[in-house]
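Spelled out, the chains give:
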Amino acid sequence: MIRPAIFVGLSISIFSLSPAAGVDKRYGPGVTETEIKIGQTLPYSGPLSNLSSFGRVEAAYLKKINASGGINGRKVTLISLDDAYTPPKTVEQVRRLVESDGVLAIVGSMGTPTNLAVAKYLNNGKVPQILLLASSSKLDDPENLPWTTTFMMPQAVEAKIYAEYILRARPHAKVAVIYENDDLGKGQLASFKAALGPKASSMIVAVAAYDVTEPTIDSQISTLKASGADTLFHASNARFAAQALRKSHELGWKVQHVLLSGVSSISTVLRPAGFDASTGAVTALWLKSPEDSIWDGDDGMNEYRAFMKEWAPNEAIESSVFEYSTAQMIVEILKNCGDDLSRENLINQATNVRGLQLSMFLPGVTINISPSARVGWKKARMARFDGSRWLLLDEIDGN
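Not measured: the values here are computed from a predicted model. (Residues numbered from 1 in each chain as written. Predicted model: local features only at pLDDT ≥ 70, side-chain atom pairs only at ≥ 80, totals over all residues. Heavy atoms only, no water.)

**Some thoughts on the overall build of the protein**
And step 1. Tallying secondary structure elements over the protein gives 13 helices and 18 strands in all.
And step 2. Computed over the C-alpha atoms, the radius of gyration of the protein is 21 Å, within 12% of the 21 Å expected from 2.2 N^0.38 for a compact globule of 399 residues.
And step 3. Per-residue burial for the protein yields a buried fraction of 57% across its 399 residues.
And step 4. Per element, the accessible surface of the protein, about 15700 Å² overall, is 51% carbon and sulfur.
And step 5. Once the 40 positive and 41 negative side-chain charges of the protein are each reduced to a mean point, those two points are 2 Å apart. (Helix = DSSP H or I, 4+ residues; strand = E, 2+ residues; numbered from the N terminus. Rg over C-alpha atoms; globule rule 2.2 N^0.38 Å. Buried < 20%, exposed > 50% of the residue type's maximum accessible area, 1.4 Å probe, protein only. Areas by Shrake-Rupley, 256 points an atom, 1.4 Å probe, with all protein chains shown as cover. Lys, Arg positive; Asp, Glu negative; His and termini not counted. Charge placed at Lys NZ, Arg CZ, Asp CG, Glu CD.)

**As for the environment of Val-207**
And step 1. For Val-207, the position within the fold is in strand β9 (residues 204-210).
And step 2. Residues Val-207 and Phe-322 lie 115 residues apart in sequence; the distance between their C-alpha atoms is 29 Å.
And step 3. Beyond its immediate chain neighbours, meaning those up to four positions away, Val-207 contacts Val-177, Tyr-179, Leu-189 and Leu-224. (Contact = heavy atoms within 4.5 Å.)

**Thoughts on the environment of Pro-198**
And step 1. Positionally, Pro-198 belongs in the loop between α5 (183-196) and α6 (200-203).
And step 2. By relative accessible area, which is 77% here, Pro-198 ends up exposed.
And step 3. Sequence-wise, Pro-198 and Leu-341 are 143 residues apart; in three dimensions their C-alpha atoms are separated by 49 Å.

**What about the side chain of Ser-136?**
And step 1. Checked against the element boundaries, Ser-136 lands in the loop between β6 (129-132) and β7 (148-150).
And step 2. Separated by 3.1 Å, the side chain of Ser-136 and the backbone nitrogen of Lys-138 make a polar contact.
And step 3. Beyond its immediate chain neighbours, meaning those up to four positions away, Ser-136 contacts Thr-112 and Gln-155. (Polar contact = N/O pair within 3.5 Å; in protein donor to acceptor, adjacent residues only side chain to side chain.)

**Some thoughts on empty space enclosed by the protein**
And step 1. The final tally for this structure, using the stated rule, is 3 cavities of 30 Å³ or more.
And step 2. Partitioned by chemical class, the residues of the lining of the largest cavity number 6 nonpolar, 1 polar and 4 charged. (1 Å grid on protein atoms, 1.4 Å probe; cavity = no way out; pocket = protein on both sides within 12 Å on 5 of 7 lines; lining within 4 Å. Points joined across faces, edges and corners; volume = space filled by probe spheres on them. Nonpolar A, V, L, I, M, F, W, Y, C, P; charged D, E, K, R; others polar.)

**Thoughts on the pairing of strand β11 (residues 256-259)**
And step 1. Both faces of β11 are covered, namely the face carrying Gln-256 and Val-258 and the face carrying His-257 and Leu-259.
And step 2. Relative to β11, strand β10 (residues 231-235) is paired through 4 bridges, and the arrangement is parallel. Looking at β11, one finds that His-234 is bridged to Leu-259.
And step 3. Running through helix α8 (residues 238-250), the crossover from β10 to the neighbouring parallel element β11 is right-handed. (Pairing = 2+ DSSP bridges. Right-handed = clockwise from strand over helix to strand, strands pointing away.)

**Regarding the side chain of Ser-261**
And step 1. With respect to the element layout, Ser-261 can be found in the loop between β11 and α9 (266-273).
And step 2. Owing to a relative accessible area of 17%, Ser-261 belongs among the buried residues under this scheme.
And step 3. Apart from the residues within four sequence positions on either side, Ser-261 is in contact with Glu-158, Tyr-162, Thr-283, Ala-284 and Trp-286.

**Details of the environment of Val-103**
And step 1. Relative to the helices and strands, Val-103 resides in the loop between α2 (87-100) and β5 (105-107).
And step 2. For the pair Val-103 and His-234, spaced 131 residues apart in sequence, the C-alpha separation works out to 37 Å.
And step 3. When near neighbours in sequence (up to four residues on either side) are disregarded, Val-103 contacts Pro-29, Lys-37, Ile-38, Gly-39, Ile-79, Leu-97, Val-98 and Arg-343.

**Topic: the layout of surface pockets**
And step 1. A volume near 1000 Å³ is recorded for the largest pocket.
And step 2. Forming the boundary of the largest pocket are 48 residues, of which Phe-54, Ser-261, Gly-262, Val-263 and Phe-322 lie nearest the centre.
And step 3. Taken together, the residues of the lining of the largest pocket break down into 23 nonpolar, 16 polar and 9 charged.

**Let's talk about the packing of aromatic side chains**
And step 1. Following the criterion strictly, the structure yields 15 aromatic pairs and no others.
And step 2. Linked through ring pairs, Phe-54, Phe-151, Trp-286, Phe-322, Phe-361 and Trp-377 together constitute an aromatic cluster.
And step 3. For the cation-ring pair, Lys-288 lies above Trp-295, with the distance from its terminal atom to the ring centre recorded as 5.4 Å. (Phe/Tyr/Trp six-rings, centres within 6.5 Å; stacked < 30°, edge-to-face > 60°. Lys NZ or Arg CZ within 6 Å of the ring centre and 35° of its normal.)

Everything listed here is a matter of geometry and, on its own, says nothing about what the molecule does.
Below is the structure:
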């Protein structure tokens, strides 16, 4: 059963630098002298409920910031509602957030199909829909969706990194693709084919889709194995990536697994699949990993560990770095608004970021956003799982 709300009226204050002198105070809906109200939807129930960690970690981070003071005395009220990753429910919950709860903006909502379901509604109402946790190029459309921004590496950018890696390291590969039968999986598949260019038709020997409601993808993996492929590109979510790794191993299919960065977590994907099954898999990383000793002693990692221990002790420290970074970005944009907390200035700040290095991003990966170029970052580094941790390979890829 879908729960109507997870964090209703969660009050959090954010410390900020003082706004620039001479800037008049301007408030949009959901903003007063003492409050900034924002909303989001996440799958707290349903087959992708593991993604709800984003809401919990963000709330914990904002509570931590609250302990440091406030943004000119204002609290931030975060209202995070459950949509079970179903677009009709997302529409219902977002309308509630905008029309009943009166939020300033939708911030950090999860999912490609769910965010697409409400993008036109929010843009028609000139409601900021920012820092979406979705990678579809359909949401990166400044002309038709000027009030929308995302906070994930776009499908075309990430797929290009994998395609270039395969062309370089496995030029004669026979590639199979397992993909989610929605905009996430279809978008990754299309982007991957485009990045392979003229070699796509000869290199890709088999594809198989699954729906998120399916209990297993064992039959799809068996079919892909029979194709003779020696490389498997996973355009999937964490649950099915783990299943695919495990089933491939059980079948004795010695295939090169290529995992999306979002399904490369050791704790939530590789360990459940089995380290024997996962050894040798490759992915692209742009975040520091708490599971890699190379970052022991790093200031950003030390701050992250301290935060997780004190403020989010029940969350997985190994797999919450992206959640933490998203929370940092929410704070950054709100801070930059100063006393102009209008919807117009919020989207202006969200689309004007230059050379921002978040503390848990790999060195050399910075965020650069403009009104016409909203892809936050385009670089990552390939890594291979050695049975216990990800080993970084080569140099940073991307542009």
